[in-house]
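# Structural overview
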Amino acid sequence: MDNSLPPADELVLVDRELAQLEARRTQLLARRAWLVQVLYRPARAATPQWPVTPAAPAADSTPRSAQNVLLTLGGTLLTIAAVAFTLVSWGSMGIGGRAAVLCAVTGAALSAPVVLLRRGLVSTGESVAVLGLVLTVLDAYALHRVALSDTDGLGYAAVASAVLAGAWAAYGSALPRLRVPLPAGVVAAQLPLPLGVLAAGGGATAFAWAALVTAAADGAVVLWTRPLPVRITAGAGAALLGGWALLTGGWLSVSSPWSGAPLLLAGAAVCLYAAWRTPGWAVAASVVAGLAVVAAVGGLLRSAVPGDWAVPGYVLCGLALASVWRAGAGARLPRGVRTGLAGAGAATVALGLLWALPPVVGGALGPLARTTEVWSGEHTGPALVAYPATAALVLAVVAAALASVPRLWARCGALALVWALLTALPVAPGLPYAATLALQLLTTAAALWIAVRPAPLTRGLPRPGATPAASPDARTTTDRTTDPTNRPATAATGPSGTPATGPSGVSATGPAEPPASGPAGQSASGPAGQSAGGSVPPPPSAPPRVPGAGFGAPGTGWMPPRPRPQASAAEPGTVLGWVAYAGGLVSAAGAVALALDVRGATFLALGAVLGLLTGVAVLGTGARRTVSACGAVLAAAGLVFTGAAAAGLEAHWTGLALLLVPAATAAVGATARPVALPVEITGAAVGLSALGLAASRPAFLALVLALGGVIAAATAVRPERRRFASWTAAGLFLLAAWVRLGAWGVTTPEAYTLPVTVPALVVGFLRRRRDPEASSWTAYGPGLAVTLLPSLGAAWTDPEWVRPLVLGVATLVVTLLGARFRLQALLLLGGTVLALDGLHELAPYVVQVVGALPRWLPPALAGLLLLAVGATYEQRLRDARRLRERLARMR
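Nothing here was measured: the structure is a model prediction, and the numbers come from that model. (Residues numbered from 1 in each chain as written. Predicted model: local features only at pLDDT ≥ 70, side-chain atom pairs only at ≥ 80, totals over all residues. Heavy atoms only, no water.)

Scanning the chain from terminus to terminus reveals 33 helices and 0 strands. A buried classification covers 33% of the 891 residues belonging to the chain. A fraction of 67% describes how many contacts in the chain between residues 6 or more apart in sequence connect residues 24 or more apart. On the chain, roughly 51,300 Å² of surface is accessible, and the fraction owed to carbon and sulfur atoms is 70%. (Helix = DSSP H or I, 4+ residues; strand = E, 2+ residues; numbered from the N terminus. Buried < 20%, exposed > 50% of the residue type's maximum accessible area, 1.4 Å probe, protein only. Contact = heavy atoms within 4.5 Å. Areas by Shrake-Rupley, 256 points an atom, 1.4 Å probe, with all protein chains shown as cover.)

Structural data, given as structure tokens:
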């Protein structure tokens, strides 16, 4: 159907679009002129024109960086000197001298920054302040060595760190321009509680509580203080000490649950409060809090239930935590908190599923790891007999939880877990052989039925084009950003509430009257676009977008961002069908492998799989239909092979029986159009395996090849398969003839090549009749080469004279025919083979003649030949060109 517009209508549409583009261009040029006026003209008017002076050469380092390096080195040297003095020279002074030195040096180091800051020497004051802080630590050490040497070292260190933290915090608050004292006070504040617990002889639990309280205090500092260095230092301390406390709580939840649970719950409360107050870290903090809650509650459950029920307890805790995302109370939580808690619960559930996975793997792949003979009646025992049976309970609970979530990913997960549950059931309880095989076949049947009819599982799922219900906060944001009435009021009005005009005098609501012109054709505004008051006029605002107008048209405003193309979502039924289909194929393979223990079970399993896959091929659609049809062909081949093995047939008879499968696929392909080609290709693969089985007996191999040719010839009756199947049939018949000749001991090459040459020459002759312009190389070249070249090789090694004579006569006839009908292939092939055959026959006589001649005669003859060629060189070139042209004119 032609949807093009008439030329007149299309011309009108093109003119309209060009007018819209021109109007848009005018609007953008006016906007650019105003921006240039606002940005560059006032800047040039306000900037004084100073004489240009040559730039000074760049220094290797800036003054500020050099100053910092010098101050850092000086402060480091003074600190080293103070430490050396305290540790080495302290004992040579008396009590008064020591006190005087300490007070004088520390007081001077702490008071000097005050004077330096008043004079603007911030970096120098910072270095001296750092020296003063280090001296206070040395003062505390000296005080302990001299006056309080009998006190406990850890207790004194705890008290001293608390005092130093308070003193440094007060010092930093008094001098806010110094950046080091406040973070240093935060660092010192990390030590009092942990050191005090160690001094009091507390164990790991008390130390973890002290670390947690300190981390909570650090969190308060992060939330309620403003200096960035202080917040960064406190955050690092909170992460370090809080992490240590939670790790200790996790270890205690395993060894002593009632001691670790309160610690973990307290840490979770701190993390949740931090997540609530800091949206940027809400997800990470909520994840940590959720894992702590799961570890605490799961540890308590672990201590109250048997050991096999420990993992299900943790999984239940994870599911309860993940339900916060959908619970009514969870909707009032911030989005980041809900996301983190749900992520922690999902991670716990995922770990529980990993724990329950070995029985699934054993049930699916265990039959493939065969340790007994086929049809021996012995059954390989399950590899995971001692694995807890509660793994199946974990799979069932998680599957039920996912089934209650109306989302496609959850429904797919529930379907996969139900299949995993049915696959793992025979492993853990140790079901008998018959029950295990029946369960495998029932699982296969159920999965394949769902793959064909997945509609019942899609109930309650949103369609791909539907918009899922959004959360309240997301809905509010969406309403605020997508409301067409939510636009600034100044977009359509000027400074005084009058309609704003665009660059062409077009107002926000439509065309406006032309502006009043001055004497020089200017408007009421002053020169250069300024108003009468001398101020810069407001920018030409963009008019609102007119509904239905194209981008860039007048009245459309600034161009909105182009919507990104979204990938089309898959249908829920398709995705669920593929999930079920994959599970059904795995179960079918496991059932067949398991059935190999007993002969009757093998027939039963292969027949059931054949019926199920045939049903999917008939009722299914798309790729699942094709795969099922190919699988049904393989199942049928397995049944034929099993029947031959049960009947005690030898390998070559089994290969002959397998030809029933490609024959059946050729018959089915004539009616099953959608899956005809894949089915026939699979049948051909089965036929190749039949050839391999019959290769040990040449006579049977020739029979199998001939029967394969018959099947291919029957397939060639169909028009869509005629070309490929006919050539395949010819090739199979030829191979059958060759194998039969080889079995009879025929060594004459013409017996193998003439059956190819004669049909090939006939086909080439028919093609030349239909297309006289066809090349003789294409029509006759392959057929002639197949016979002439092997015959030439045989003639060169044949001591008799009959073969060379017959070959020479045949090639002479071919050469004459090529010259008569101007066929290049016949002339060149026949002439070349005739010359080589004649050379072979004349070679002994030539050797005898050359041997009888004098030794000087051959070089003399060669010289005469060269002289003759050189004398008639131009003539020889012309003859060669004429010969080449004549050959080129041949077909």
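Moving on to unusual backbone geometry. Although it is not a glycine, W375 adopts a positive phi angle of roughly 60 degrees. For W375, the location among the structural elements is in the loop between α14 (357-365) and α15 (390-403). Of the residues examined, W375 reaches a relative accessible area of 23% and is grouped as partly exposed. Phi at R822 is positive, roughly 55 degrees, even though this residue is not glycine.

Let us now look at the packing of helix α9 (residues 228-255) against helix α10 (residues 257-277). Two numbers describe a pair of packed helices, the interaxial angle and the distance between the axes. The contact between α9 and α10 brings their axes to 7 Å, and the two run at 150 degrees. Handedness of the α9/α10 crossing: left-handed. In this structure, α9 uses A245, L246, G249, G250, L252, S253 and S255 to contact α10, whose residues at the interface are P257, S259, G260, L263, L264, G267 and C271. Of the residues assigned to the contact of α9 with α10, the class counts are 7 nonpolar, 7 polar and no charged. (Axes fitted to C-alpha atoms, helices over the stretch in contact; angles between N-to-C directions. Left-handed = near helix turned anticlockwise from the far one by under 90°. Nonpolar A, V, L, I, M, F, W, Y, C, P; charged D, E, K, R; others polar.)

Okay, the packing of aromatic side chains next. Counting across every chain of the model gives 3 aromatic pairs. Consider the rings of W578 and Y581, whose centres lie 5.8 Å apart with planes at 85 degrees: the pair is edge-to-face. Taken together, the residues span about one helical turn, with W578 and Y581 both in helix α19 (residues 572-595) at a distance of 3 residues. Here Y581 falls in the buried class, since its relative accessible area comes to 1%. (Phe/Tyr/Trp six-rings, centres within 6.5 Å; stacked < 30°, edge-to-face > 60°.)

Right, let's talk about a nonpolar patch on the surface for a bit. Taken together, W801, V802, L805, V806, V809, V813, L817 and F821 make up a surface patch of nonpolar side chains, about 780 Å² in accessible area. You can see W801 is positioned in the loop between α29 (781-797) and α30 (802-821). (Patch = residues over 30% accessible without salt bridge, like charges linked within 9 Å, V, L, I, M, F, W, Y side chains within 5 Å. Salt bridge = Lys/Arg side-chain N within 4 Å of Asp/Glu carboxyl O.)

What follows concerns the packing of helix α17 (residues 433-452) against helix α20 (residues 599-619). Here α17 crosses α20 at 5 degrees, and the two axes come no closer than 10 Å. Of the possible angle classes, the one that applies to α17 and α20 is roughly parallel. Contacts from Y433, L437, L441, T444, A445, L448, W449 and V452 in α17 reach A601, A605, A608, L612, L613, V616 and L619 in α20. In the contact of α17 with α20, the residues fall into 14 nonpolar, 1 polar and no charged. (Parallel < 35°, antiparallel > 145°, perpendicular 65-115°, else oblique.)

Below, the discussion takes up the environment of G298. As for its placement among the helices and strands, G298 is situated in helix α11 (residues 282-304). Considered as a pair, G298 and P257 are 41 residues apart in the sequence and their alpha carbons are 8.9 Å apart. Excluding its chain neighbours within four sequence positions, the residues that come into contact with G298 are V293, Y314 and C317.

With that settled, the discussion passes to the environment of F641. Topologically, F641 is positioned in helix α21 (residues 622-646). On a C-alpha basis, the gap between F641 and T654 in space is 6.7 Å, while along the polypeptide they are 13 residues apart.

So, on to the pattern of salt bridges. This structure, assessed with the given rule, holds 7 salt bridges. Two residues, R25 and E22, come together in a salt bridge whose shortest N-O distance is 3.9 Å. Of this pair, R25 and E22 both sit in helix α1 (residues 7-46), 3 residues apart, which is roughly one turn of the helix. A residue is classified by how much of its surface remains accessible, and R25, at 49% relative accessible area, is partly exposed. With a closest N to O distance of 2.8 Å, R803 and E750 form a salt bridge. Highlighted residues: R803 in helix α30 and E750 in helix α27 (residues 749-770), separated in sequence by 53 residues. Look at E750 and you get buried, because its relative accessible area is 16%. By sharing partners, the salt bridges in this structure join E680, R718, E720 and R721 into a single network.

On to the confidence of the model for the chain. Regions with low pLDDT carry predicted coordinates that are not meant to be interpreted in detail. Averaged over all residues, the pLDDT of the chain equals 79, while 78% of them reach at least 70. Per-element confidence in the chain ranges from a low mean pLDDT of 41 for helix α18 (residues 472-482) to a high of 94 for α20. Long-range and interchain partners of residues 45-64, a stretch whose pLDDT sits below 50, account for 3 contacts in this model, where long-range means more than four residues apart. Here residues 468-563 is a poorly scored stretch, pLDDT under 50, and it has 103 contacts once near neighbours within four places are set aside; other chains count. (pLDDT = per-residue confidence, 0-100.)

Attention shifts here to the nonpolar core. In this structure, V360, L395, V398, L402 and L417 are the most contacted members of the largest nonpolar core, which totals 21 residues. Among the elements of the structure, α12 (310-322), α14, α15 and α16 (408-424) are those that each provide at least two residues to this core. In this structure, L395 is in contact with L353, A356, V360, L417, A420, L421 and A424, ignoring residues within four places of it in sequence. (Core = buried A, V, L, I, M, F, W, Y, C linked by side-chain atoms within 4.5 Å.)

Here α11 is 23 residues long and its end C-alpha atoms lie 33 Å apart, about the 33 Å a rise of 1.5 Å per residue gives. Where α11 is concerned, the buried positions are A282, A285, S286, A289, G290, A292, V294, A295, A296, G298 and G299. Turning to α11, the residues buried within the fold contact α9, α10, α12 and α13 (335-355). (Expected span 1.5 Å × (residues − 1).)

This part is about the environment of V592. Relative to the helices and strands, V592 is located in helix α19. A sequence separation of 14 residues divides V592 from L606, and the C-alpha atoms of the two residues are 6.4 Å apart. Those residues in contact with V592, other than ones at most four positions away along the chain, are A605, L606 and V609.

We now examine the side chain of T390. Note that T390 resides in helix α15. Under the relative-accessibility criterion, T390 is labelled buried at 7%.

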